[in-house]
Amino acid sequence: MKKYLCLGCGFSYDEARGLPEHGIAPGTRWADIPDDWVCPDCGTPKSGFEMVEIPYYSEARTA
Amino acid sequence: MSVRFILRAGERGYSYLPAAGLNASYVAGHPDGVITRHSSFNFHEYQSGIPGLGVMKVFGDETFTPNGTGYNMHPHHNFIIMAFVASGALTHINTIGKIDELKANDYYVFSAGSGGKHSELNIGDEDLQVIYVWVVPGQLLAPPSYRRSRFDPKAGANRITCLVGDEPGALPIGQTFTVSRLLSDGGKAHTYRPSKANGFYAFVLEGEADIAEATLTRRDSIALEGEDKIEIAVRANGTDMLLVETKL
């Protein structure tokens, strides 16, 4: 399960969490999101996201 | 000595963002208001250049025309957004509850974290020149925060002053990333000592300086890596530079 960061605004997509409020179920792989999908906050195309390996603040606090 | 790139002022991405027309919801202001943005790295519609350096993804050299030009309130997450005001006055409004005005030599660090909106406005009567830097954070969805500080051009002259980072007096951001300012008279030489593992980026706000056998003039920049000692030789008319160190 990977995370992706929108380079237009910083919105993060997490495969584990999905985006249920935008119709993307938890567990949805990045590769399975349509190529014409755009950032729900700023409209940046899917190609403008970058894979990141960064822990959540909440995880870092408890680690 | 390893030069990653030299970026001349005219080689950067350029965006002309009028307040009227298609940008009207993005750019605030009367119909003649314009933001011009020179991007050192790929950003928004400019995607044919350099994709950042280390955790630094955006280095934007922006000018806002006076009397009410700026970015309307818009959302961010995660990015640590910094503004360094070079001239004019910046009004910053954010959803943490801060309404702030920054003038020349003032700077802020806005960490968008779990979500924050901001508006950036020039409501003054002269052009606003501001440098925006965006950094990928060390943790996702942290509590949003806003802090500001000021570079003192008298006390800080002729030496390298850390503005953002873990040094005393600077604003810490929880990331292997620093921004320093070098405001120097002509003819002087300065040494910056980065960690050899990090990348280094120098941007000339004003004046001229030589780094790694390259002469940099106004708004030129250079990136180096694998260095633990960088010599900056200031040319006769002096210089004003921002120096960035970032993990790679």
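Residues numbered from 1 in each chain as written. Chains lettered and ligands numbered in written order. Predicted model: local features only at pLDDT ≥ 70, side-chain atom pairs only at ≥ 80, totals over all residues. Heavy atoms only, no water.

K.L.:
Sorry if this is basic, but what is going on with the sheet that holds strand β11 (residues 116–122) of chain B here?
P.N.:
Strand pairs in the sheet, formed through backbone hydrogen bonds, run parallel or antiparallel to each other. Reading across the sheet, the 5 strands line up as β3-β6-β11-β8-β9 (chain B) and stay open at both edges, with antiparallel pairing between neighbours. With one partner strand each, in any of the chains shown, β3 (27–28) and β9 (99–103) of chain B form the two edges of the open sheet. (Pairing = 2+ DSSP bridges. Helix = DSSP H or I, 4+ residues; strand = E, 2+ residues; numbered from the N terminus.)

K.L.:
Please explain the interface of chain B and chain A as it appears in this structure.
P.N.:
Put simply, an interface is often sized by how much accessible area is lost when its parts join up. Across the boundary between the two partners, chain B contributes 17 residues, which contact 17 residues of chain A. Around 1,500 Å² of area is buried between chain B and chain A when both sides are counted, 64% of it from carbon and sulfur atoms. Considering only the side of chain B, the residues that lose the most area to chain A are B:His77, B:Gln139 and B:Leu140, jointly responsible for 37% of the buried surface there. Our count for the contact surface shared by chain B and chain A stands at 1 salt bridge. Two residues, B:Lys57 and A:Glu50, come together in a salt bridge whose shortest N-O distance is 3.0 Å. Across the chain B-chain A interface, the total number found is 9 residue pairs in polar contact (both at pLDDT 80 or more). The class makeup of the residues in the side of chain B that touches chain A is 10 nonpolar, 6 polar and 1 charged. (Contact = heavy atoms within 4.5 Å. Buried area = accessible area lost by both parts, 1.4 Å probe. Salt bridge = Lys/Arg side-chain N within 4 Å of Asp/Glu carboxyl O. Polar contact = N/O pair within 3.5 Å; in protein donor to acceptor, adjacent residues only side chain to side chain. Nonpolar A, V, L, I, M, F, W, Y, C, P; charged D, E, K, R; others polar.)

K.L.:
Where do I start with the pattern of salt bridges in this structure?
P.N.:
Where charged atoms from two side chains of opposite charge come close, those side chains can pair. Taken as a whole, this structure holds 18 salt bridges over all chains when the rule is applied. For A:Lys46, the salt bridge identified is with A:Asp35, shortest N-O distance 3.7 Å. One end of the pair, A:Lys46, is in the loop between β2 (12–14) and β3 (49–52); the other, A:Asp35, is in the loop between β2 and β3, with 11 residues separating them in the sequence. As a salt-bridge pair, B:Glu206 and B:Arg218 come within 2.9 Å of each other at their nearest N and O atoms. Of this pair, B:Glu206 sits in strand β17 (residues 198–211) while B:Arg218 sits in the loop between β18 (214–216) and β19 (221–225), placing them 12 residues apart in sequence. The exposure class assigned to B:Glu206 is partly exposed, which follows from its relative accessible area of 34%. One network of salt bridges, with partners in common, ties together B:Arg12, B:Asp61, B:Glu206, B:Arg218 and B:Arg219. (Buried < 20%, exposed > 50% of the residue type's maximum accessible area, 1.4 Å probe, protein only.)

K.L.:
Can you walk me through the packing of aromatic side chains in this structure?
P.N.:
How two aromatic rings sit relative to each other is set out by the distance from centre to centre and by the angle between their planes. Throughout the structure, instances matching the rule amount to 18 aromatic pairs over all chains. Seen from their ring centres, B:Phe43 and B:Trp134 are 5.0 Å apart, and the 80 degrees between their planes marks the pair as edge-to-face. Of this pair, B:Phe43 sits in the loop between β4 (34–39) and β5 (56–64) while B:Trp134 is found in strand β12 (residues 128–135), placing the two residues 91 residues apart along the sequence. For the ring pair B:Tyr192 and B:Phe200, a centre distance of 5.1 Å and an interplane angle of 45 degrees mean the geometry is tilted. Like B:Phe200, B:Tyr192 is buried. One aromatic cluster is present, built from ring pairs that chain together A:Tyr4, A:Tyr13, A:Trp30, A:Trp37 and A:Phe49. Taking the ring centre of A:Tyr56 as reference, the NZ or CZ of A:Lys3 above it sits at 4.3 Å. (Phe/Tyr/Trp six-rings, centres within 6.5 Å; stacked < 30°, edge-to-face > 60°. Lys NZ or Arg CZ within 6 Å of the ring centre and 35° of its normal.)

K.L.:
Even after reading the chapter, I still don't get the sheet that holds strand β1 (residues 3–6) of chain A, so can you show me in this structure?
P.N.:
All names here are of chain A. Across the sheet, 3 strands lie side by side as β2-β1-β3; this open sheet has antiparallel pairing. The open sheet terminates on both sides in strands that have one partner only, identified here as β2 and β3. Neighbouring strand axes in the sheet, compared pairwise and without regard to direction, differ in orientation by 30 degrees on average. Note: β1 against β3, 4 bridges, orientation antiparallel. In the strand pairing of β3, Cys6 is matched with Phe49. (Axes fitted to C-alpha atoms, helices over the stretch in contact; angles between N-to-C directions.)

K.L.:
What is the right way to look at the pairing of β9(B) in this model?
P.N.:
Successive side chains on a regular strand alternate, one facing one side of the sheet and the next facing the other. All names here are of chain B. The two faces of β9 differ: Asp100 and Leu102 on one face are buried, but Ile99, Glu101 and Lys103 on the other face are not. Sheet analysis places strand β8 (residues 89–94) next to β9, joined by 5 bridges and oriented antiparallel. Residue pairing across strands places Leu90 opposite Leu102, the latter belonging to β9. Hairpin geometry of β8 and β9 is characterised by an intervening segment of 4 residues between the two adjacent antiparallel strands and by a positive phi of about 110 degrees at Gly97.

K.L.:
Please explain the nonpolar core as it appears in this structure.
P.N.:
Nonpolar side chains in soluble globular proteins generally cluster together in the buried interior. Residues and elements named next belong to chain B. With 56 residues, the main nonpolar core has Phe59, Met82, Phe84, Phe177 and Tyr201 as its most contacted residues. Considering each element in turn, this core owes the most residues, 7 residues, to β12. Within the second largest apolar cluster, 15 residues are counted, among which are Leu224, Ile230, Ile232 and Leu243. (Core = buried A, V, L, I, M, F, W, Y, C linked by side-chain atoms within 4.5 Å.)

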